[in-house]
Amino acid sequence: MIADSPSNPQRSKKVLLVDAGPFVADTVLRVLPEWTLIRVSDNRAALSLLQKECIGLVITGEKSNGHEDVELLRKIRRVWPHTRLIILTDESTPDDVIAAIRFRAFSYFSKPYTQDALADMLRLATESPAWDDGIELISATPEWIVLTARCDLGTAERIFQFAHEVADLPEAEQPKVAMAFREILLNAMEHGGHFDPNKHVEISYTRAKHMVMCRIKDPGEGFSLKENPYAASSNPPDDPMRHLKKREAEGMRPGGYGTSIAKNLVDEVIYGEKGNDVMLIKYLDIAPAENERDRA
């Protein structure tokens, strides 16, 4: 077995493309012009090369399915624990996405996805330090996932992509839940975790037959929504922009509308007593026959 250290893959500015088409290859060349591009025809050839050579980033081919790519990832982890791998696939299941998180894939995309989304993830994969302790899976089934995430924006973006892939929601509801989840998670990382990479938020996703629930708990001491000077909900009627001035004065990112946005996108936003624990609930209008077919 080849010895590895956390810094080795970062020093190796090589990207391995497995059976990559023009869409992926062009994106990689545009985003990573200084990286050495290596191509192989399939997962078997990729593993053979990786058993001999350290590669900084591996991108799987779209023609393989998610299960096959997770199996490649599992074998890579025996040799290179810190190599970053992005799974691209035509065929995927929630179980595949969960397994990818468990074996520390950097990200996961099933079709359709945009070139911009892939480009953004490539930048994160090659610029983020100490990436592989950012997400820890505590327990998981497709219906109930519990994990922790480090309080930084890069980890948040990775969580959003994994959540997009694993969510089993009607097409009309998925973007609403996703946006509400994004707003509340960023609030938790910012106000509760102060974007401190040494702190973590706890995330729970539950998918029942007619309901989806996301629970987010941050490491902060909590707050009162009415007394939070950084949120739009605390503005007095005669100064509706007060929170923006407060955020700018303290060098915070633009925002402060997270809770208001979430309340307009999901059915219930429920805060715990301290304010550092919140549940998002969306009720799903799914016909019984359709629900049984989806679960079959």
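Calculation rules
- Residues numbered from 1 in each chain as written.
- Predicted model: local features only at pLDDT ≥ 70, side-chain atom pairs only at ≥ 80, totals over all residues.
- Heavy atoms only, no water.
- Helix = DSSP H or I, 4+ residues; strand = E, 2+ residues; numbered from the N terminus.
- Contact = heavy atoms within 4.5 Å.
- Areas by Shrake-Rupley, 256 points an atom, 1.4 Å probe, with all protein chains shown as cover.
- pLDDT = per-residue confidence, 0-100.
- Core = buried A, V, L, I, M, F, W, Y, C linked by side-chain atoms within 4.5 Å.
- Buried < 20%, exposed > 50% of the residue type's maximum accessible area, 1.4 Å probe, protein only.
- Pairing = 2+ DSSP bridges.
- Axes fitted to C-alpha atoms, helices over the stretch in contact; angles between N-to-C directions.
- Salt bridge = Lys/Arg side-chain N within 4 Å of Asp/Glu carboxyl O.
- Polar contact = N/O pair within 3.5 Å; in protein donor to acceptor, adjacent residues only side chain to side chain.

Quick notes on the overall build of the chain
Within the chain, the regular secondary structure consists of 11 helices and 11 strands. Long-range contacts, defined as pairs at least 24 residues apart, comprise 65% of the intrachain contacts of the chain with a sequence gap of at least 6. Accessible area for the chain stands at about 14800 Å²; split by element, carbon and sulfur atoms hold 53% of it.

Quick word on the confidence of the model for the chain
Residues with a pLDDT of 70 or more make up 80% of the chain, whose mean pLDDT is 86. In the predicted structure, residues 1-9 sits below a pLDDT of 50 and forms 21 contacts with residues beyond four places in sequence or in another chain.

A few points about the nonpolar core
One finds L16, I159, F181, L185, V201, I203 and L280 to be the most contacted residues of the largest nonpolar core, which totals 60 residues. With eight residues, the single largest contributor to this core is helix α8 (residues 174-192). Not counting residues within four places of it along the chain, the set of residues in contact with L185 comprises I159, F160, V201, I203 and I216. If you look at the next biggest cluster of nonpolar residues, it comprises 21 residues, including A25, L57, F106 and Y113.

With respect to the sheet that holds strand β3 (residues 57-59)
Ordered by their spatial adjacency, five strands build an open sheet running β2-β1-β3-β4-β5, and the pairing between neighbours is parallel. Only two strands of the sheet have a single partner each, and these edge strands are β2 (36-40) and β5 (107-110). Mean inter-strand twist for the sheet, computed between neighbouring axes without regard to direction, equals 15°. Across four bridges, the pairing between strand β4 (residues 84-89) and β5 is parallel. Bridge pairing in β5 places L88 opposite F109. Sitting on the sheet, helix α2 (residues 22-31) is in contact with β1 (14-18), β2, β3 and β4, with an inclination near 170° to β1. Relative to β1, helix α3 (residues 43-50) is tilted by about 155°, and along the sheet it contacts β1, β2 and β3.

Here's the deal with the sheet that holds strand β8 (residues 200-208)
Pairing is antiparallel in the open sheet, where six strands are placed in the order β6-β7-β8-β9-β11-β10. A strand with exactly one partner marks an edge of an open sheet, and here the two such strands are β6 (135-141) and β10 (268-271). If you compare each strand with its neighbour and ignore which way they point, the axes differ by 15° on average. Strand direction decides the pairing type here: β6 and strand β7 (residues 144-150), joined by six bridges, are antiparallel. Each bridged residue has a counterpart across the sheet, and for A140 the counterpart in β7 is I145. Contacts from helix α5 (residues 94-102) reach β6 and β7, with the element oriented near 145° to β6.

So, the pattern of salt bridges
Scanning all chains against the criterion turns up 11 salt bridges. The residue E34 makes a salt bridge to K13 at a minimum N-O spacing of 3.7 Å. Linking E34 in the loop between α2 and β2 with K13 in the loop between α1 (8-11) and β1, this pair joins segments that are 21 residues apart in sequence. A relative accessible area of 38% means that K13 is categorised as partly exposed. With its nearest N and O atoms 3.6 Å apart, the salt bridge here joins K111 to D90. In this pair, K111 is assigned in the loop between β5 and α6 (115-127) and D90 in the loop between β4 and α5, connecting sequence segments 21 residues apart. Judged by its relative accessible area of 39%, D90 falls in the partly exposed class. Salt bridges sharing common partners tie together E62, D90 and K111.

As for the environment of N276
For N276, the location among the structural elements is in the loop between β10 and β11 (277-283). Given the relative accessible area of 11%, N276 is considered buried. Residues contacting N276, with those up to four places away along its chain left out, are I216, K217, D218, G220 and G222. A polar contact is formed between the side chain of N276 and the backbone oxygen of G220, at a distance of 3.0 Å.

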